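Next come the chains, spelled out residue by residue.
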Amino acid sequence: RKQLSAKADKADLKELYSDLTLATQRIGDGTNSLELVVRQQEAEIEALKRELRKLAAHREAEEEHSARLATTKWVDDSLSFEAEARKQELAGLRKEVQERMGALELRLGEMPSVATLDEVFAQKVDMKTLSRALEDRATL
């Protein structure tokens, strides 16, 4: 009986050893699978980190471009405002020049012509000559 019991214990031990070996192999296979999954996840994490860095750089560049665009728009709006103010000022100056030109044309229309001035000048000379002649006669 002892021998049978020992044989049974040995068989149990062999079976237990076989089960333990099989469990160890499965644990090793599971560990290898887990290590592979961990390495894959680490690679994915690194890829995501790289992608996040790219996105952060892209966002920073986008913010810089947005700031430049806002500045450009502000400058454009300012220049447009300045240009409009200058246009209005120029229109006012043109109107003023036209008004002055109209007034000058009216004044020129009222002024005597060159021929009329020549006649008046000739008459004045004649008047001077006449007054001298009269003065000369009076002294005689």
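The structure displayed is predicted, hence computed values, not measured ones.

> Account for the overall build of the protein, with residues named and values stated.
For the protein, the count of helices and strands is two helices and zero strands. Counting only residues that meet the buried cut, the protein has 0% of its 140 residues in that class.

> Before we move on, can you summarise a nonpolar patch on the surface with the specific residues and values?
Together, Leu 13, Leu 16 and Leu 20 make up an exposed nonpolar region whose accessible area comes to about 300 Å². Tracing the sequence through the fold places Leu 20 in helix 1 (residues 2-110).

> Could you give an account of the pattern of salt bridges, naming the residues involved and the relevant values?
Overall, the coordinates contain seven salt bridges when judged by the stated rule. Glu 35 is paired through a salt bridge with Arg 39; the nearest N and O atoms lie 3.8 Å apart. One end of the pair, Glu 35, and the other, Arg 39, are both in helix 1, four residues apart, so they sit about a helical turn from each other. Glu 35 sits in the partly exposed class, given a relative accessible area of 39%. Its salt-bridge partner being Arg 86, residue Glu 89 comes within 3.7 Å of it at the nearest N-O pair. You can see Glu 89 and its partner Arg 86 sitting in helix 1, three residues apart, about one turn around the helix. A relative accessible area of 46% means that Glu 89 is categorised as partly exposed. Accessibility expressed as a relative area gives 53% for Arg 86, which makes it exposed. Bridged by salt links that share partners, the residues Glu 82, Arg 86 and Glu 89 form one connected network.

> Provide a residue-level description of a negative patch on the surface, including the pertinent values.
Among the surface-exposed residues, Asp 9, Asp 12, Glu 15 and Asp 19 lie close enough to one another that they form a single negatively charged patch. Note on placement: Asp 19 falls in helix 1. Note on Asp 19: relative accessible area 42%, which makes it partly exposed.

Cut-off values and rules
- Residues numbered from 1 in each chain as written.
- Predicted model: local features only at pLDDT ≥ 70, side-chain atom pairs only at ≥ 80, totals over all residues.
- Heavy atoms only, no water.
- Helix = DSSP H or I, 4+ residues; strand = E, 2+ residues; numbered from the N terminus.
- Buried < 20%, exposed > 50% of the residue type's maximum accessible area, 1.4 Å probe, protein only.
- Patch = residues over 30% accessible without salt bridge, like charges linked within 9 Å, V, L, I, M, F, W, Y side chains within 5 Å.
- Areas by Shrake-Rupley, 256 points an atom, 1.4 Å probe, with all protein chains shown as cover.
- Salt bridge = Lys/Arg side-chain N within 4 Å of Asp/Glu carboxyl O.
- Lys, Arg positive; Asp, Glu negative; His and termini not counted.
- Charge placed at Lys NZ, Arg CZ, Asp CG, Glu CD.

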